[in-house]
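# Analysis of the macromolecular model
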Amino acid sequence: MKVGVLALQGDVREHVLALQECGADPVIVRRSAEIAAIDALILPGGESTTIALLAQVFDVFELIRDRIRDGLPVYGSCAGMILLADRVLDAVDGQRTFGGLDITVRRNAFGRQVDSFESDLSVKGVTPAPLKAVFIRAPWVEQVGQGVEVLASIQGSDGREHPVAVRQGTILATSFHPELTGDHRIHRYFLEQVCRSATRIK
Amino acid sequence: MAETTGTGRVKRGMAEMLKGGVIMDVVNAEQAKIAQDAGAVAVMALERVPADIRAQGGVARMSDPDMIEKIKAAVSIPVMAKARIGHFVEAQILQSLGVDYIDESEVLTPADYKNHINKWNFTVPFVCGATNLGEALRRINEGAAMIRSKGEAGTGDVSNAVTHMREIGGEIRRLTSMREDELYVAAKEMQAPFELVKEVAQNGKLPVVLFTAGGIATPADAAMMMHMGADGVFIGSGIFKSGDPARRAAACVKATTFFDDPKIIADASRGLGDAMVGINVADIPVPHRLADRGW
């Protein structure tokens, strides 16, 4: 299975390393031909506005959107979660997302960089709990659609619980950055649970 | 649930998210929006771009908090701001304003000619300039979570940025070829802590993200600096001192992502209007070179 990491901007190297340490053989992808040839995709952390803009400028936006819609297994962390969300709050005017994940996400929901934090987090399907989750100017999920499974939640500054890890079929997204911690269980979950179930459906 | 802010991972991780991107100097909300629309990953809010600081002279200080807040309100990408070298109160003010990164910058007039800010005391992360590996590691030892090569700010002359990136890269490569017992002398010679020297020798890279800065004015400059091993690019005067800032900004973003594709850089370089006029670094008398500030 060929897993691509979208390399328009962001912490591509960390995702590549995490995948390698899980025994996968990742490739970095930027061009249409490269994106057309992969069996799974990771959208890294970074600036969601920049990544979306570059995807449009270099004509890969529709291709990525369509491949996700057609069942390409995909995992997005932080900016990647925003790019997968069907609806975005606090977006820049005209900001587009690939979509596919029936959630409403709020950008920079936890605050600015001085509010960025790490925390122990229990994620459904990842044992033993907890894992160390690193949130950097992170989004949270405001609302989920019916087919979306919430894997982890955390209390926001508004006092309410907000999902920070969600899955809908072949799409996995986290507000936090497992690629920064050396604990690769989320990547393993993606490879072993999400990608494998996609293969079964095929 | 215990939540910890300001950890090394959170500070350094923030810089990891900026990789492959362009951070642009802006002096008002309008420029900040142009930068964001062009695909900048962050903006650096300051009152005068380095070219104007150089031209106008005088003491250059932290920007007016009102101006920083207006820029923060105008964009959703991270906002950075500069404090003078050693001026920890300016840094405290910037942290209280909620800026996302502080640049302890030689572009401003230094406040302390011996000591840099103790950056471990802050929740907000810092980026610092360096001209060589020893300087980079001293800054990291003081708590910097990101390094940028200094170059010579406000010139539009990329040569010093190249010198500094080659210097840092060359010293890293040299360390990786050394025996462990030789690293002690290497650490002594570059006046850097042994533990950091050893870490660099083992990993073949800095323990934090390395951007480049100082004199980058064209898409080709940005792409060349990425080839030199930069994780990303700061562009100061180069964008808003040029003829068509919006186009030049977008072009530099494209060239940074596709730095290894000359065809894309060629297309991005078309019809950008005038580049900033610039000054040759060689024509600037040594005492007026900003890169020499920092110790």
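Counting starts from 1 at the beginning of each chain's written sequence and moves along it residue by residue. Whichever chain is written first is A, and whichever ligand is written first is 1; the rest continue in order. Totals for whole chains, interfaces and linings use every residue, but because this is a predicted model, local features are given only for residues with pLDDT of at least 70 and side-chain atom pairs only at 80 or more, for both listing and counting. In computing side-chain properties, one takes all heavy atoms of the structure into account and sets aside hydrogens as well as water.

## Some points on the overall build of chain A
Put simply, the test is: Numbering of helices and strands runs from the N terminus; a helix is a DSSP stretch of H or I covering at least four residues, while a strand is a stretch of E covering at least two. Each radius of gyration is computed over the set of C-alpha atoms, and the globule rule expresses the reference value as 2.2 Å times the number of residues to the power 0.38. Partly exposed residues are those whose accessible area sits between 20% and 50% of the maximum for their type, while under 20% is buried and over 50% is exposed, using a 1.4 Å probe and protein chains only. Residue contacts are counted whenever heavy atoms from the two residues lie within 4.5 Å of one another. With residues, only the protein chains shown are counted as cover, and all accessible areas are computed by Shrake-Rupley using a 1.4 Å probe. Only four residue types enter the charge count: Lys and Arg as positive, Asp and Glu as negative, with His and the chain ends excluded. Charge positions come from single atoms, namely NZ of Lys, CZ of Arg, CG of Asp or CD of Glu.
Looking only at helices and strands, chain A features six helices and twelve strands. Here chain A has a C-alpha radius of gyration of 15 Å; the compact-globule value for 202 residues is 17 Å, and the two agree. In terms of overall dimensions, chain A has a C-alpha envelope of 45 × 40 × 30 Å along the principal axes. Counting across all 202 residues of chain A, residues that qualify as buried make up 60%. Pairs at least 24 apart in sequence give 64% of the contacts found in chain A among residues at least 6 apart. Of the roughly 7600 Å² that chain A leaves accessible, carbon and sulfur atoms contribute 46%. Taken together, the 22 basic and 25 acidic charged side chains of chain A have centroids lying 3 Å from each other.

## Quick look at the interface of chain A and chain B
To keep it simple, the criterion reads: Simply put, the buried area is the total loss of 1.4 Å probe accessible area from both parts when two parts are fitted together. Between Lys or Arg on one side and Asp or Glu on the other, a salt bridge is scored when a side-chain nitrogen of the former is within 4 Å of a carboxyl oxygen of the latter. Any pair of N or O atoms that falls within 3.5 Å is considered a polar contact. Within protein, one atom must be able to donate a hydrogen and the other to accept it, and sequence-neighbouring residues count only if both atoms are side-chain atoms. Gly falls in the polar group here, along with every residue not listed as nonpolar (Ala, Val, Leu, Ile, Met, Phe, Trp, Tyr, Cys, Pro) or charged (Asp, Glu, Lys, Arg). At least two DSSP bridges between two strands are required for those strands to pair.
With 40 residues of chain A at the interface, the matching set in chain B holds 45 residues. Of the roughly 3400 Å² buried where chain A meets chain B, counting both sides, 56% is carbon and sulfur surface. Where chain A touches chain B, the interface holds eight salt bridges. Across the contact surface, chain A and chain B share 22 residue pairs in polar contact (both at pLDDT 80 or more). Secondary-structure elements contributing two or more residues to the side of chain A that touches chain B are α1 (12-21), α3 (48-57), β7 (117-121), β8 (131-135) and β10 (149-155) of chain A. Looking at the side of chain A that touches chain B element by element, the count peaks at five residues for α3(A). Residue composition of the side of chain A that touches chain B, by class: 13 nonpolar, 13 polar and 14 charged. When β7(A) meets strand β1 (residues 3-5) of chain B, the two strands line up antiparallel, connected through three bridges. Along β1(B), the bridge assignment pairs S119(A) with E3(B).

## Let's talk about the pattern of salt bridges
Residues and elements named next belong to chain A. For the coordinates displayed, the defined rule picks out 36 salt bridges over all chains. Across the pair R160 and D158 runs a salt bridge whose closest N-O atoms are separated by 3.6 Å. Taking the relative accessible area as the measure of exposure, R160 reaches 44% and is therefore partly exposed. The partly exposed category is assigned to D158, whose relative accessible area is 38%.

## Here's the deal with the nonpolar core
Selection criterion: The definition of a nonpolar core used throughout is a set of buried Ala, Val, Leu, Ile, Met, Phe, Trp, Tyr and Cys residues joined through side-chain atoms within 4.5 Å.
If you look at the biggest cluster of nonpolar residues, it comprises 105 residues, and the most contacted ones within it are L6(A), L137(B) and I147(B). For this core, the element with the most residues is helix α7 (residues 159-176) of chain B, which contributes six residues. If we ignore the near neighbours within four places in the chain, the residues touching I147(B) are V127(B), C128(B), A130(B), A136(B), R139(B), I140(B), L206(B), V208(B), V209(B), L210(B) and F211(B).

## Topic: the state of the cysteines
What makes a disulfide is a covalent bond joining the sulfur atoms belonging to two cysteines. All names here are of chain A. The test is simple: Whenever a pair of cysteine sulfur atoms sits within 2.5 Å, that pair is classed as a disulfide.
A complete count under the given rule lists zero disulfides over all chains for this structure. Of all cysteine sulfurs in the structure, the one in C22 sits closest to C78, which takes part in no disulfide; the separation is 20 Å. A relative accessible area of 5% means that C78 is categorised as buried.

## Notes on the environment of I35(A)
Residue and element names in this part refer to chain A. Secondary-structure assignment places I35 in helix α2 (residues 32-36). When the C-alpha atoms of I35 and G4 are compared, they prove to be 7.4 Å apart, with 31 residues separating the residues in sequence. Beyond its immediate stretch of four places on either side in the chain, I35 contacts L6, V29, R30, V60, L63, I64 and R67.

## Quick notes on the sheet that holds strand β9 (residues 140-144) of chain A
All names here are of chain A. So the rule is basically this: Axis lines are fitted to C-alpha atoms, over the contacting stretch for helices. Their N-to-C directions set the angle, which ranges from 0 to 180 degrees.
As summarised here, the arrangement of the three strands in space is β5-β6-β9, forming an open sheet in which the pairing is mixed. Of all the strands in the sheet, the pair left with one neighbour each is β5 (85-89) and β9. The sheet shows a mean angle of 30° between the axes of neighbouring strands, direction not considered. Inspection of the sheet shows strand β6 (residues 101-106) paired to β9 by four bridges, in the antiparallel sense. Counted as the bridge partner of V105 is V141 from β9.

## Quick look at the environment of A111(B)
All names here are of chain B. You can see A111 is positioned in the loop between β5 (101-105) and β6 (126-130). Judged by its relative accessible area of 41%, A111 falls in the partly exposed class. In this structure A111 touches R84, I85, G86 and H87, once residues within four positions along its chain are discounted.

## Brief notes about the sheet that holds strand β7 (residues 146-149) of chain B
Residues and elements named next belong to chain B. Taken in spatial order, the eight strands of this closed barrel run β2-β3-β4-β5-β6-β7-β8-β9, and their pairing is parallel. Strand-to-strand twist in this sheet, taken as the mean axis angle between neighbours without regard to direction, amounts to 30°. Bridge analysis of strand β3 (residues 42-45) against strand β4 (residues 79-84) gives three bridges, and the strand direction is parallel. Paired with V43 across the two strands is V79, which belongs to β4. The sheet strands contacting helix α12 (residues 245-257) are β2 (22-26) and β9 (232-235), and the helix crosses β2 at an angle near 155°.

## Some thoughts on the environment of A220(B)
Here A220(B) shows up in helix α10 (residues 219-227). Here the alpha-carbon distance between A220(B) and P262(B), two residues 42 residues apart in the chain, equals 8.8 Å.

## Here's the deal with the confidence of the model for chain B
Operational definition: Note: pLDDT gives the predictor's confidence per residue, expressed from 0 to 100.
Put simply, chain B has an average pLDDT of 95, and 100% of its residues get 70 or more. Taken over the whole predicted complex, pTM reads 0.96, whereas the ipTM for its chain interfaces reads 0.95.

## Details of the side chain of T212(B)
Residue position: T212(B) is located in strand β8 (residues 209-212). On the basis of relative accessible area, T212(B) is assigned to the buried category, the value being 0%.

## Some details on the pairing of strand β11 (residues 161-168) of chain A
Residue and element names in this part refer to chain A. The buried count for β11 comes to six of eight residues, which makes it a mostly enclosed element. Sheet topology note: the β10/β11 ladder contains six bridges and is antiparallel. Residue pairing across strands places V150 opposite V166, the latter belonging to β11. Between β11 and strand β12 (residues 171-174), which pair antiparallel and follow one another directly, the connecting turn spans two residues, one of which, G169, has a positive phi of 60°.

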